[in-house]
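# Secondary and tertiary structure notes
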Amino acid sequence: QRRLDNTSSLIQRVSDALEQRLLNRFSKVYSSGTTYDFTPKPRADAIDYLELRKLAASLLLFDSGRNLHKRYVDMVVASRFPELFTVDIIGINSMADSELDTFENTKELEQTRTQLANLFIKVSNVCEYEFELIAHVFDGDDEMPLTVAKFLLQRVVSDPKYGLQAKIQNLLSSIDQKGDFASGAKKLDTFVIVHQKAASLFNNLKNAADRMNKKSSAASESLKGF
């Protein structure tokens, strides 16, 4: 039994080390590309999705790719959304009353709402490209691309501290601090902006997901020789 336990422990350590090496290689390949090109022979500066595809096929054998999915989403968040997860675009929650009065009399609130609107556009554009990458890389089964895409959206939109939803809530809460009629009007105006941008984002993501689903099936057929 002791020998079996030692052997099992050794196998587990080797497995963990191999998975880590593959994950590091996946990160390096993803980070080395600056553009997206999904032709059979991508341009030199494009993300080498063919190599990522091979690595993903191996990594999916480790706990169904759980660590791979997390690593991929972490890389997308860090490299594509630095303003969302590393910078507080609201930045007014800790203001004193006197500072808030000054804030209300400036254009900073409008600038913040503009930043938030631009962030909706950024999420839409990045996810459109990444969904296409997911379709070409994560094809363990028919559900795999949708699983990875859902994981990415949950992180970007629903992260309780840094997600898009949290940013919106912080902005609305900041407006509430004044509690007067003017603030109520600004909050209503902000609601309208958020509603319009959210509806547009949802529609764009839905269309991108549909394209991703179709391309995932086509990619599996066209790249069997690689």
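The following refers to the structure shown. (Residues numbered from 1 in each chain as written. Predicted model: local features only at pLDDT ≥ 70, side-chain atom pairs only at ≥ 80, totals over all residues. Heavy atoms only, no water.)

## Section: helix α3 (residues 66–80)
With 15 residues, α3 extends 21 Å from end C-alpha to end C-alpha; this agrees with the ideal 21 Å at 1.5 Å per step. For α3, the complete set of buried residues consists of L68, H69, Y72, V73, M75, V76, V77 and R80. (Helix = DSSP H or I, 4+ residues; strand = E, 2+ residues; numbered from the N terminus. Expected span 1.5 Å × (residues − 1). Buried < 20%, exposed > 50% of the residue type's maximum accessible area, 1.4 Å probe, protein only.)

## Quick notes on helix α1 (residues 2–32)
With 31 residues, α1 extends 45 Å between its outermost C-alpha atoms, agreeing within 8% with the 45 Å of an ideal straight helix rising 1.5 Å per residue. Turning to α1, its buried residues are E19, L22, L23, F26, S27, V29 and Y30.

## Considerations on the pattern of salt bridges
Taken as a whole, this structure holds eight salt bridges when the rule is applied. R155 is the partner of D74 in a salt bridge, and the nearest nitrogen-oxygen pair spans 2.6 Å. In this pair, D74 is assigned in helix α3 and R155 in helix α7 (residues 144–158), connecting sequence segments 81 residues apart. Accessibility expressed as a relative area gives 26% for D74, which makes it partly exposed. Note that R155 and D159 form a salt bridge whose closest N and O atoms lie 3.7 Å from each other. Accessibility expressed as a relative area gives 16% for D159, which makes it buried. (Salt bridge = Lys/Arg side-chain N within 4 Å of Asp/Glu carboxyl O.)

## With respect to the environment of V148
Residue placement: V148 occurs in helix α7. Taking the C-alpha atoms as reference, V148 lies 7.3 Å from I134; in sequence the two are 14 residues apart.

## Structural notes on the nonpolar core
Membership of the largest hydrophobic core comes to 49 residues, with the highest contact counts inside it found for F26, Y72, F131, L133 and F138. Sorting the residues of this core by element identifies α1, α2 (49–59), α3, α6 (108–137), α7, α8 (164–176) and α9 (181–222) as the ones contributing at least two each. With eleven residues, the single largest contributor to this core is α6. Setting aside residues up to four positions removed in sequence, F138 forms contacts with F26, L68, H69, Y72, M144, P145 and V148. (Core = buried A, V, L, I, M, F, W, Y, C linked by side-chain atoms within 4.5 Å. Contact = heavy atoms within 4.5 Å.)

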